[in-house]
Amino acid sequence: MSSGSPHTTARAVAMLKKRRMANSVFHALGVAAIAFAIAALVWLMSSIVGTGFSAFTQNVITFEAVLDESELDPTGARDPDALRLANYRAVVQQAMYDRFDVGDDRQRRQEAFGLVSTSGATDIIRQQVFTDPSLVGTTMTVTAPVSDDLDQYLKGNLTTDIDESLRRVSDNQIAWAQELKASGEIKSQFNWTLFTAPDSRDPELAGVAGAIVGSLLTMLVTFVLAFPLGVGAAVYLEEYAPKNRMTDFVEININNLAAVPSIVFGLLGLAVFLNFFGMPRSAPLVGGIVLAFMTFPTIMIATRAALKAVPSGIYDGALSLGASHTQAVFHHKLPNAAPGILTGSIIGMARALGETAPLLMIGMVAFVTEIPSSITEPASALPVQIFLWSDSAEVAWEERTSAAILILLAFMIVINGAAIWLRSKLEKRW
């Protein structure tokens, strides 16, 4: 028999070496996985930020527009309806023709008019003339967005080292743009339109204000429905419901609901709320109800876990001092579970904020050019707005899509940050 230690035999040393090797391999794989995840995240964020950052600036052009009375108000009556329907497009056209002295050359006329956002410039002039009819017959200074193609060229997002016939901007437009930029008639400024305007067919005029308001209204409906129902159901199942096969069946199905794909809830909303009940399509009310169904299981599961985490001594102590079961639950146990309940609810709401599929199924994919003011008006949502813009072909929409993604990510970071802060602020260590 060997007198040495069994831990120093050749077999033991080999096994120890093999174990250490396996540990080193596992550690290396873990580090590699984390490094890969970080690299993928950096690549993704770099791509989104690199594409969307330029959308937060907008090039604008300043020009003199002659508000010819014979064109805008031939009768001189200054009738508001007539002024609203006047041909402001012709005013913008003539201003651009005069600025570059294009004469009767049809090609040069089209190129000159293509420098400015037609809808943007005409809407600005129309609004000012409608507000102050005395401007008719005068010359006014107009500052309007440049066209989306020129804006992308000035931001360096368009290739110009190809044949002119294959480009979105012509040689004349490039020369004129450089001249206007040098003279200060074209300037770059912060793009407030992105945050204050609703959706538009023109990329340079499109904003996310309508989508943001639609998302907020939808989340309001979701929270009002999902939070009290989720917390109430969790308290009942955890503290009051008898433990039998029926409650076990309910608990299993609630856990299964949390894993149901979100598009299934969208189909539910389409079949029940739209087709059966006839509720308004593309409304935050319906979107909020659908997302409430999706968020309800998450809030309920988080609430039950938070209630279970409260030490039993708190409940028992309340009973020993004469409190009833309901008083012990609502005055002692539930308040101490509040940090976990709030955290789970906020995370559930954050998930609902980023959902697209359920909203697509209930028709919130409509093109909405007005900012909604109630939960029954047609509206869009940020994820749906991103989906719509990503499907557009023009280069400017790619920039707008990435910018909308950054805005949505900012909302998600704020919401999740609030959840972390609340948990650290309110959490109690037992």
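Further up the page is the structure itself.
Now for a quick tour of the structure. Remember, predicted model here, so these are calculated numbers, not experimental data.

Running from amino to carboxyl end, helix α15 (residues 325-353) crosses helix α18 (residues 395-426) at an angle of 175°, the nearest separation of the two axes being 9 Å. Between α15 and α18, the angle is such that the two are roughly antiparallel. Seen from α15, the contacting residues are Pro339, Gly340, Leu342, Thr343, Ile346, Ile347, Ala350 and Leu353; seen from α18, they are Leu408, Phe411, Met412, Ile415, Asn416, Ala419, Leu422, Arg423 and Leu426. Classifying every residue of the contact of α15 with α18 gives 13 nonpolar, 3 polar and 1 charged.

Mapped onto the fold, Thr62 is located in strand β1 (residues 57-66). According to the relative accessible area criterion, Thr62 is partly exposed, its value standing at 28%. As for Thr62 and Val116, which are separated by 54 residues in sequence, their C-alpha atoms are 9.5 Å apart. Within the local environment of Thr62, its side chain forms a polar contact with the side chain of Thr143, the two groups lying 3.2 Å apart.

In this section: the sheet that holds β1. Strand-to-strand pairing in sheets goes through backbone hydrogen bonds, with the strands running parallel or antiparallel. Ordered by their spatial adjacency, 3 strands build an open sheet running β2-β1-β3, and the pairing between neighbours is antiparallel. Sheet topology places β2 (139-145) and β3 (186-190) at the edges, where each strand pairs with a single neighbour. Direction aside, the axes of adjacent strands within the sheet are offset by 35° on average. In the sheet, β1 pairs with β3 via 5 bridges, with the strands oriented antiparallel.

Turning to unusual backbone geometry, a few remarks are in order. Phi is positive for Arg78, close to 55°, though the residue is something other than glycine. Within the fold, Arg78 resides in the loop between α2 (69-72) and α3 (80-84). Here the phi dihedral of Ser282 falls at roughly 60°; this positive angle occurs in a residue that is not glycine. If you trace the backbone, Ser282 turns up in the loop between α12 (262-276) and α13 (284-309). Assessed through its relative accessible area of 5%, Ser282 is described here as buried.

Every regular strand shows the same layout, with side chains that alternate between the two sheet faces. Looking at chain direction, β1 and β2 are connected through 7 bridges and run antiparallel. Its bridge partner lying in β2, Ala65 is registered against Met140.

Here we take up the nonpolar core. Most often, soluble globular proteins have nonpolar side chains that are buried together. Within the largest apolar cluster, 37 residues are counted, with the highest numbers of intra-cluster contacts made by Phe63, Met96, Val116 and Ile125. Beyond its immediate chain neighbours, meaning those up to four positions away, Val116 contacts Ile61, Phe63, Val92, Met96, Ala121, Ala144, Pro145, Val146 and Ser147. Judged by nonpolar contacts, the second largest core, of 36 residues, contains Phe265, Val286, Ala381 and Ala404.

Turning our attention to the environment of Glu69. With respect to the secondary-structure elements, Glu69 resides in helix α2. With a relative accessible area of 34%, Glu69 lands in the partly exposed category. Along the chain, Glu69 and Asp105 lie 36 residues apart, while their C-alpha atoms are 26 Å from each other. Sequence-distant contacts of Glu69, defined by excluding residues within four places in its chain, comprise Pro74, Gly76, Arg78, Val136 and Gly137.

Let us look at the pattern of salt bridges. Counted under the stated rule, the structure contains 17 salt bridges. Arg109 serves as the salt-bridge partner of Asp104, at 3.7 Å between the closest nitrogen and oxygen. Look at Asp104 and you get exposed, because its relative accessible area is 72%. In this structure, the salt-bridge partner of Glu355 is Arg351, at a minimum N-O distance of 3.7 Å. The network of salt bridges with shared partners includes Asp151, Lys155, Glu399 and Arg400.

Moving on to the layout of surface pockets. Roughly 260 Å³ of volume is contained in the largest pocket. In terms of residue count, helix α7 (residues 148-154) provides more of the lining of the largest pocket than any other element does, 3 residues in total. Taken together, the residues of the lining of the largest pocket break down into 6 nonpolar, 7 polar and 7 charged.

All right, on to helix α11 (residues 245-257) then. Relative to the 18 Å expected for 13 residues at 1.5 Å per residue, α11 spans 18 Å between its end C-alpha atoms, a close match to the ideal helical length. Of all the positions in α11, only Thr247, Glu251 and Ile254 are classed as buried. Axial view of α11: buried residues confined to an arc of 65°, hence all on one face. Of the exposed residues in α11, those oriented more than 90 degrees away from the buried face are Arg245, Met246, Phe249 and Ile252. Each element contacted by the buried residues of α11 is listed here: α10 (209-240) and α13.

This part is about empty space enclosed by the protein. Enumeration over the complete set of coordinates arrives at 2 cavities of 30 Å³ or more. The volume enclosed by the largest cavity comes to roughly 60 Å³. Around the largest cavity, the lining residues are Asp199, Gly210, Ala211, Ala366, Val368, Glu370, Pro372, Ala379, Ser380, Gln385 and Leu388. Only α10 and α17 (382-390) provide two or more residues apiece to the lining of the largest cavity. Class assignment of the residues belonging to the lining of the largest cavity gives a composition of 6 nonpolar, 3 polar and 2 charged. In this structure, the second largest cavity spans a volume of roughly 40 Å³. Lining of the second largest cavity is provided by Ser215, Thr218, Met219, Leu291, Ala352, Leu353, Leu359, Ala381 and Pro383. In terms of residue count, the dominant contributor to the lining of the second largest cavity is α10 (3 residues). Among the residues making up the lining of the second largest cavity, the classes are represented as 7 nonpolar, 2 polar and no charged.

What counts, and where the lines are drawn
- Residues numbered from 1 in each chain as written.
- Predicted model: local features only at pLDDT ≥ 70, side-chain atom pairs only at ≥ 80, totals over all residues.
- Heavy atoms only, no water.
- Axes fitted to C-alpha atoms, helices over the stretch in contact; angles between N-to-C directions.
- Helix = DSSP H or I, 4+ residues; strand = E, 2+ residues; numbered from the N terminus.
- Parallel < 35°, antiparallel > 145°, perpendicular 65-115°, else oblique.
- Contact = heavy atoms within 4.5 Å.
- Nonpolar A, V, L, I, M, F, W, Y, C, P; charged D, E, K, R; others polar.
- Buried < 20%, exposed > 50% of the residue type's maximum accessible area, 1.4 Å probe, protein only.
- Polar contact = N/O pair within 3.5 Å; in protein donor to acceptor, adjacent residues only side chain to side chain.
- Pairing = 2+ DSSP bridges.
- Core = buried A, V, L, I, M, F, W, Y, C linked by side-chain atoms within 4.5 Å.
- Salt bridge = Lys/Arg side-chain N within 4 Å of Asp/Glu carboxyl O.
- 1 Å grid on protein atoms, 1.4 Å probe; cavity = no way out; pocket = protein on both sides within 12 Å on 5 of 7 lines; lining within 4 Å.
- Points joined across faces, edges and corners; volume = space filled by probe spheres on them.
- Expected span 1.5 Å × (residues − 1).
- Arc of directions from axis to C-beta.

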